[in-house]
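Coordinates in review
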Amino acid sequence: MPPESPSRSTDRLDDDDYPAYTMGRAAEMIGATPGFLRAIGEARLITPLRSEGGHRRYSRYQLRIAARARELVDSGTPIEAACRIVILEDQLEEALRLNEELRRPAADRTGPDS
């Protein structure tokens, strides 16, 4: 595999969906344990990608989701319920974003080049 150009590897650092973090680092970043990350994976809140060696890799987006679940669990919510709450919050946020986009005038949605 050819080496990546510096601009391409830098672009990945800005990509919220790029699986840049190992399980240990991800757990450390959100103040949880690797077991917690495995549990929310089993509950299908997040599905980490796997490296060629089979190790779990997490993106920044997944870490934000996991951190929210950890907050709920820390406040006494059972893990399965916390995962369901986070999924519903994420779906609501996406629906609100889409509604806002559709409410904008057509000229704003299509841009100046259309």
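A quick note: this is a predicted structure, and the numbers were derived from the prediction, not measured. (Residues numbered from 1 in each chain as written. Predicted model: local features only at pLDDT ≥ 70, side-chain atom pairs only at ≥ 80, totals over all residues. Heavy atoms only, no water.)

**Overview of the overall build of the protein**
Our working definition: The secondary structure listing takes helices from DSSP runs of H or I that are at least 4 residues long and strands from runs of E that are at least 2 residues long, numbered from the N terminus. Accessible area is worked out with a 1.4 Å probe on protein chains only. A residue is then buried under 20% of its type maximum, exposed over 50%, and partly exposed in between. Note on definitions: a residue-residue contact is assigned when non-hydrogen atoms from the two residues lie within 4.5 Å. The method behind every accessible area is Shrake-Rupley, applied with a 1.4 Å probe, and residues are considered shielded solely by the protein chains displayed.
Per the secondary structure count, the protein includes 6 helices and 3 strands. Tracing the protein from N to C terminus, the helices and strands come up as α-β-α-α-β-β-α-α-α. Sorting the 114 residues of the protein into buried and exposed places 22% on the buried side. The long-range share in the protein, meaning contacts at least 24 apart out of those at least 6 apart in sequence, stands at 56%. Total accessible area computed for the protein in this model is approximately 8100 Å², and 52% of it derives from carbon and sulfur atoms.

**Notes on the sheet that holds strand β3 (residues 56–58)**
Two modes of strand pairing occur in sheets, parallel and antiparallel, and in both the strands are linked by backbone hydrogen bonds. Short version of the rule: Here, a strand pair is defined by DSSP locating no fewer than two bridges between the strands. As a rule, the C-alpha atoms of each element are fitted with a line to give its axis, helices using only the stretch in contact, and angles between N-to-C directions run from 0 to 180 degrees.
Read across the sheet, 3 strands follow the order β1-β3-β2 without closing on themselves; strand pairing throughout is antiparallel. Lying at the two open borders of the sheet, with one neighbouring strand each, are β1 (21–22) and β2 (49–50). Inspection of the sheet shows β1 paired to β3 by 2 bridges, in the antiparallel sense. If you follow Thr 22 over to β3, its bridge partner there is Arg 57. Across the sheet, helix α4 (residues 60–74) lies against β1 and β3, angled at about 85 degrees from β3, the strand it touches most.

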